[in-house]
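Inside the fold
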Amino acid sequence: MVNNIVKNSPMRASMFADTLLGPKITCPKPVKIHPELRVCHARWIEIPEIVDGKDGILSVAEERKNIPFNIKRVYYIYNLLNHHDVQRGKHAHKTLEQVLFCINGSCRITLHDGLETQEVVLSRPNVGLYIGPSMWHVMHSFENNCILLVMASDYFNEEDYIRNYDDYLEHLQRESIIDE
Ligand code: T46
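Residues numbered from 1 in each chain as written. Predicted model: local features only at pLDDT ≥ 70, side-chain atom pairs only at ≥ 80, totals over all residues. Heavy atoms only, no water.

**Focus: the packing of aromatic side chains**
- Under the defined criterion, the tally for this structure stands at six aromatic pairs.
- Plain terms: the ring middles of Tyr165 and Tyr168 are 5.8 Å apart, the flat faces sit at 40° to each other, and that makes the pair tilted. Here Tyr165 pairs with Tyr168, and both are found in helix H3 (residues 165–174), just three residues apart, close to one helical turn.
- Each residue in the set Trp136, Tyr165 and Tyr168 is aromatic and connected to the rest through ring pairs, giving one cluster.
- A cation sits over an aromatic face here: Arg43 above Tyr130, 4.6 Å from the ring centre. (Phe/Tyr/Trp six-rings, centres within 6.5 Å; stacked < 30°, edge-to-face > 60°. Helix = DSSP H or I, 4+ residues; strand = E, 2+ residues; numbered from the N terminus. Lys NZ or Arg CZ within 6 Å of the ring centre and 35° of its normal.)

Encoded structure:
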């Protein structure tokens with residue numbers, strides 16, 4: 001009885017009508033992303049925005065498709081109450097690869113590869129920043145509504161962090177990433 005009511009309801013009809021016609025998926029043309037990244041071990045990653053005629057936009061990240069590694073971990077940073085002053089990051093990873101998406105609001109990331117320093121803005125939910133190993137990074141200038149979503153290539157391991165800047169420079173020299 002309950003099933004019949006649901007089956008015949010206009011709500012149910014409208015829920016299925018679009019499916020019968022087939023989804024209308026359009027992906028907007030990629031917008032050129034600025035700025036060009038001068039630092040090593042970082043690049044922009046643009047994922048599709050699917051606008052299908054319903055309200056909202058659907059973006060999708062897939063490992064080994066638009067994310068260049070197997071995703072073992074996802075974490076997110078939010079509820080930034082002291083957003084004007086706060087600095088997070090201030091470290092590099094020995095092996096970890098990550099892609100950072102600001103899925104709400106915006107923040108800035110200062111990247112440093114031992115030689116070059118560059119500050120970028122993360123503000124588009126479908127434009128991620130790939131950060132590879134040996135990149136010193138600092139996240140700051142958070143908007144209070146900022147939600148930073150991170151996909152990572154490995155599980156959390158404190159041993160993979162280089163949290164001291166002098167140790168970071170030593171690491172670069174040891175790995176012959178920069179000359180002494
Ligand atoms: C990074 C940037 C972009 C865990 O226990 N598990 C986890 O998966 C993570 C990410 C953190 N933690 C613990 C370790 C610390 O006790 O959470 C605490 C805060 O971590 P951290 O100070 O490293 O947080 P951020 O925001 O400075 O850095 C984070 C990631 O840790 C880091 O890998 O690259 O975001």
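**Some thoughts on the site of the ligand**
- Near the ligand lie 13 residues; those nearest to it are Arg73, Arg88, His93, Gln98 and Tyr161.
- One of the side-chain N or O atoms of Tyr75 is found 3.2 Å from an oxygen atom in the ligand.
- Contact between the ligand and Gly89: an oxygen atom at 2.7 Å from a main-chain N or O atom of the residue.
- When the ligand is considered free in solution it has 650 Å² of accessible area, and contact with the protein chains removes 68% of it.
- When contributions to the shell around the ligand are tallied by element, the ones reaching two or more residues are strand S4 (73–77), strand S5 (88–93) and strand S10 (136–140).
- Broken down by element, the shell around the ligand gets its largest block of residues, four residues, from S5. (Near = heavy atom within 4 Å. Polar contact = N/O pair within 3.5 Å; in protein donor to acceptor, adjacent residues only side chain to side chain. Areas by Shrake-Rupley, 256 points an atom, 1.4 Å probe, with all protein chains shown as cover.)

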